[in-house]
Amino acid sequence: MGTIRHYFAGGNTARGFYSLYDSNLKGLDRLFILKGGPGTGKSSLMKRVGEYWNQEGYYVEYLHCSSDNDSIDGILIPALKVGIVDGTAPHVIEPHVPGVVEEYVNLGEGWDADLLRENKESIKELTAKVSQTFETAYSVFAEALAVHDEWEEIFINNMDFSKADELTNELIEKLYGNVCLNKQADVRDRFLGAATPIGAVDFIPNLTGELPHRYYIKGRPGSGKSTMLKKLAKEAEIRGLDVEIYHCGFDPHSIDMVIVRELGWAIFDSTSPHEYFPERDGDTTIDVYERAIIPGTDEKYETQIKDISARYKGKMNEAISYLAKAKALRDELEAFYIKAMNFDVVDSKESEIQEEIKGIAEKLN
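- The chain goes by PRK06851 family protein in an unreviewed UniProt entry, where it is assigned to Bacillus seohaeanensis.

Okay, here's the thing in structure tokens:
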């Protein structure tokens, strides 16, 4: 079997639904864009195709759905330069070279339109409620971000920026040395994790498990972790090294992890909600608080931090509850489509996709 890597390319964030799909779909020679309502079998089709090619020994990437923990929104088979994605809202995918690279696959051909129209009002009402509930979740996430900014301000005001720069320069020297490749870097932007209906989810063990060196950054909000990671990612790009940049699932403007597989390392923000600890040789802790924050800051602002932390967690829990509500409403909506679907049509579409991918594989082999 080949390797499977799991990550999110879209997220429910404090800045609304945020897509990083374009970064991960670039370079494909063939992209199947699935269209169809909820419950029309898009995720199941992609999982079956992904499992088949993984069993054939290919490395496959699974792009997970941040709004439904059991679903995926895409699969990529990099060696074949082939991908399949769910091209419905909120991650609408527009073709760049339609018919040549991208092709729409309409699973809606399998539904009984008359049966759906019989439930027209219920479907319209549920669709509106799902949309409204997501918007409410995003609004509450934005409120949580404002509270988080208060938290960050405490540590920003108590940071020794020269020491933070010194630490960053030490890491650049340690991680890159004199390595510089004569090629253009392949830069991929993804999410470290996502806010989902069951809470925060990440795939750090899967993404970093095969790497010999992992660096766990410890610190506080506003202690310069994201800024340091942005500089490390930029350094990889300057040196011609392929780099995976993993954004924060809460605030996509922040960076939570950088992976340079060509050098065998990952460095990531290992604080809540994606807190991990060294567990094997090659794992190293980097304490930014210890290196760059004025000693005694935690103690000096203890009461204020406790209040901010409680308010932040309250807002995050509230936002997650709206994602869970949206998921429940969407499940109701899916039931109408599942009842109206002829899944033989989906199976037929899947067979057509598989035959084309097999043809691509035969040409390459």
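1. Examining the nonpolar core
- In this structure, Phe141, Tyr176, Leu232, Phe250, Val258 and Ile267 are the most contacted members of the largest nonpolar core, which totals 60 residues.
- Apart from residues lying up to four places away in sequence, phenylalanine 250 is in contact with Thr13, Ala14, Phe141, Ala144, Leu145, His148, Tyr312 and Met316.
- Counting residues in each nonpolar core, the second largest holds 26 residues, with Ala9, Leu192, Tyr216 and Met257 among its members.

2. With respect to unusual backbone geometry
- Here the residue pair alanine 89 and proline 90 is connected by a cis peptide bond, since its omega of 10° sits within 30 degrees of zero.
- Residue position: proline 90 is located in the loop between β7 (82–86) and β8 (102–106).
- Following serine 272, the chain continues into proline 273 via a peptide bond in cis, with omega recorded as 10°.
- In this structure, lysine 81 is a non-glycine residue whose phi angle is positive, near 55°.
- For lysine 81, the location among the structural elements is in the loop between β6 (72–77) and β7.
- A residue is classified by how much of its surface remains accessible, and lysine 81, at 40% relative accessible area, is partly exposed.

3. Let's talk about the pattern of salt bridges
- Evaluated as defined, the whole model comprises 31 salt bridges.
- Here aspartate 347 ties to arginine 48 by a salt bridge, and the two come within 3.9 Å at their closest N and O atoms. Within this pair, whereas aspartate 347 is found in helix α11 (residues 343–364), its partner arginine 48 is found in helix α2 (residues 42–55), the two being separated by 299 residues in sequence.
- Lysine 349 is the partner of glutamate 109 in a salt bridge, and the nearest nitrogen-oxygen pair spans 3.0 Å. Pair noted here: glutamate 109 is in the loop between β8 and α3 (113–118) and lysine 349 is in helix α11, with a separation of 240 residues, a long-range link.

4. A word on the packing of helix α4 (residues 120–156) against helix α10 (residues 302–340)
- Between α4 and α10, the least distance of the axes is 8 Å, while the angle of their chain directions is 165°. Accordingly, the angle class assigned to the pair α4 and α10 is roughly antiparallel. Once α4 is placed against α10, the crossing between them reads as left-handed.
- The class makeup of the residues in the contact of α4 with α10 is 25 nonpolar, seven polar and nine charged.

5. A look at helix α5 (residues 161–176)
- The terminal C-alpha atoms of α5 lie 22 Å apart, and with 16 residues this matches the ideal 22 Å at 1.5 Å per residue to within 8%.
- All of the buried residues along α5 are Ala164, Leu167, Thr168, Leu171, Ile172, Leu175 and Tyr176. The buried residues of α5 occupy one face: seen down the axis, they fall within an arc of 140°. Across α5 from its buried face, at more than 90 degrees, point the exposed residues Glu173 and Lys174.

6. Looking at the packing of aromatic side chains
- Counted under the stated rule, the structure contains 13 aromatic pairs.
- Taking the centre distance of 6.1 Å and the plane angle of 25° together, the rings of phenylalanine 134 and tyrosine 138 count as stacked. With phenylalanine 134 and tyrosine 138 both in helix α4, this residue pair falls four residues apart, about one helical turn.
- For phenylalanine 134, a relative accessible area of 13% gives the class buried.
- Look at tyrosine 176 and tryptophan 265: their rings are 5.5 Å apart centre to centre, the planes differ by 75°, and that puts the pair in the edge-to-face class. Linking tyrosine 176 in helix α5 with tryptophan 265 in strand β15 (residues 265–269), this pair joins segments that are 89 residues apart in sequence.
- A cation over an aromatic ring shows up here: arginine 220 above the ring of tyrosine 289, its NZ or CZ 4.0 Å from the ring centre.

Rules of the game
- Residues numbered from 1 in each chain as written.
- Predicted model: local features only at pLDDT ≥ 70, side-chain atom pairs only at ≥ 80, totals over all residues.
- Heavy atoms only, no water.
- Core = buried A, V, L, I, M, F, W, Y, C linked by side-chain atoms within 4.5 Å.
- Buried < 20%, exposed > 50% of the residue type's maximum accessible area, 1.4 Å probe, protein only.
- Contact = heavy atoms within 4.5 Å.
- Helix = DSSP H or I, 4+ residues; strand = E, 2+ residues; numbered from the N terminus.
- Salt bridge = Lys/Arg side-chain N within 4 Å of Asp/Glu carboxyl O.
- Axes fitted to C-alpha atoms, helices over the stretch in contact; angles between N-to-C directions.
- Parallel < 35°, antiparallel > 145°, perpendicular 65-115°, else oblique.
- Left-handed = near helix turned anticlockwise from the far one by under 90°.
- Nonpolar A, V, L, I, M, F, W, Y, C, P; charged D, E, K, R; others polar.
- Expected span 1.5 Å × (residues − 1).
- Arc of directions from axis to C-beta.
- Phe/Tyr/Trp six-rings, centres within 6.5 Å; stacked < 30°, edge-to-face > 60°.
- Lys NZ or Arg CZ within 6 Å of the ring centre and 35° of its normal.

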